[in-house]
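Reading the structure
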Amino acid sequence: TETDQGTWLLGTHEADWSKNPLQTHLYLLRSTDRGMTWSLLPGSRPHGWQAPGFGRMDEGRPISLGGGRVLFMMRTPAGHLWASRSEDDGLTWTEPQPTPLVHPDAPPMLFMLSDGKTLIAFHHNRSHSKSSALASNNRAMMADRSELWFSTSPDGGLTWGEPRFVLVNILGETLENHWRNYNCAYVDAFTDQGDLHLFIPHRWQRVLHLQISEKDLGRFPSASELWR
């Protein structure tokens, strides 16, 4: 992300697959000279962020909130997305904490709506396997990526609305592993004249393009409306 002060912030991580279970550290690269030089936060390797008790945190997504404020959302295997905040243009950060957004060991998918104030976070809203290991043959872990929900925040991620349902993958288990059978993660999005365009890597075989009017987001059903 680029802040309103022109600072570039890039989520990055390292992974040690020689460890069993896998270990990862999350970092943030910060540049104030348009990428000529970079500083590594929160410190030099191997002193990145991790979720306590899991030895994991990766695939961070920073997003500028304006006025020097930045939200940094993080992938963990702990059953929720985590987040950290900066009030000084990404120079210092709060200690990462879990958000109320239920999510498996999968990436954050965080965007700003066209009003420039409302955040929308797409998440899977289920987590049945809180393991530090990441295994494509773990059916419960991979099946948690089969549903796509979203929550919105009017206050820069301090509070989040009730999750609303977008879609579910209902195809049969025809591919070689559960990761590909169920995967609807790694969504990208942008807004254009009040429309939200979603690009979903469906089962890692094709990209689905969904176009949603922002004014219709409130019409998507919540869990309480789906299962009464």
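For the structure, check the block above.
The following paragraphs examine the structure supplied in this document. (Residues numbered from 1 in each chain as written. Predicted model: local features only at pLDDT ≥ 70, side-chain atom pairs only at ≥ 80, totals over all residues. Heavy atoms only, no water.)

1. Thoughts on the packing of aromatic side chains
What counts here: To pair, rings of Phe, Tyr and Trp, with the six-membered ring standing in for Trp, must have centres within 6.5 Å; the planes then decide the type, stacked if under 30 degrees apart, edge-to-face if over 60, and tilted in the middle. Starting at the N terminus, helices and strands are each numbered in turn, a helix being any DSSP run of H or I of at least four residues and a strand any DSSP run of E of at least two. Think of it in three bands: with a 1.4 Å probe and only protein chains considered, a residue is buried below 20% of the maximum accessible area for its type, exposed above 50%, and partly exposed in between.
Within this structure, the stated rule accounts for 11 aromatic pairs. Look at Trp-8 and Trp-38: their rings are 6.4 Å apart centre to centre, the planes differ by 45 degrees, and that puts the pair in the tilted class. Pair noted here: Trp-8 is in strand 1 (residues 8–16) and Trp-38 is in the loop between strand 2 (23–31) and strand 3 (39–41), with a separation of 30 residues, a long-range link. For Trp-38, a relative accessible area of 39% corresponds to the partly exposed category.

2. Considering the side chain of Arg-75
Note the following rule: Pairing of N or O atoms within 3.5 Å defines a polar contact, subject to two protein rules: one partner must be a possible hydrogen donor and the other a possible acceptor, and residues neighboring in sequence count only if both atoms are side-chain atoms. Here a residue-residue contact requires only that any non-hydrogen atoms of the pair lie within 4.5 Å.
Relative to the helices and strands, Arg-75 resides in strand 5 (residues 69–75). For Arg-75, the side chain forms a polar contact with the side chain of Tyr-186, separated by 3.2 Å. Not counting chain neighbours up to four residues away, the residues in contact with Arg-75 comprise Arg-56, Met-57, Asp-58, Glu-59, Asp-105, Ala-106, Pro-107, Pro-108, Leu-134, Arg-145 and Tyr-186.

3. Remarks on the nonpolar core
Condition: Remark: nonpolar core denotes a set of buried residues (Ala, Val, Leu, Ile, Met, Phe, Trp, Tyr, Cys) joined through side-chain atoms within 4.5 Å.
Within the largest apolar cluster, 18 residues are counted, with the highest numbers of intra-cluster contacts made by Ile-120, Phe-122, Leu-148, Leu-196 and Leu-198. Elements with a contribution of two residues or more to this core: strand 8 (109–112), strand 9 (119–123), strand 10 (147–153), strand 11 (164–168) and strand 13 (195–202). Here the element with the most residues in this core is strand 13; it accounts for 3 residues. Among the nonpolar cores identified, the runner-up in size contains 13 residues, and Leu-9, Leu-41, Met-57 and Phe-72 belong to it.

4. Thoughts on the sheet that holds strand 4 (residues 58–66)
Heads up, the rule is: In this scheme, strands are said to pair when DSSP sees at least two bridges between them. Helix axes are fitted only over the stretch in contact, all axes being lines through C-alpha atoms; the angle between N-to-C directions runs from 0 to 180 degrees.
Across the sheet, 4 strands lie side by side as 4-5-6-7; this open sheet has antiparallel pairing. Two strands close off the open sheet at either side, each with one partner strand: strand 4 and strand 7 (97–102). The mean angle between the axes of side-by-side strands here comes to 30 degrees, regardless of whether they run parallel or antiparallel. Across 3 bridges, the pairing between strand 6 (residues 80–86) and strand 7 is antiparallel. By the bridge assignment for strand 7, Ala-83 is matched with Gln-97.

5. Notes on the sheet that holds strand 9
Taken in spatial order, the 4 strands make up an open sheet running 8-9-10-11, and their pairing is antiparallel. The open sheet has two free edges, formed respectively by strand 8 and strand 11, since each of these has just one partner strand. Averaged over all adjacent pairs, the angle separating strand axes in this sheet is 20 degrees, with direction ignored. Bridge analysis of strand 10 against strand 11 gives 4 bridges, and the strand direction is antiparallel. Residue pairing for strand 11: Trp-149 is matched across the bridge by Phe-165.

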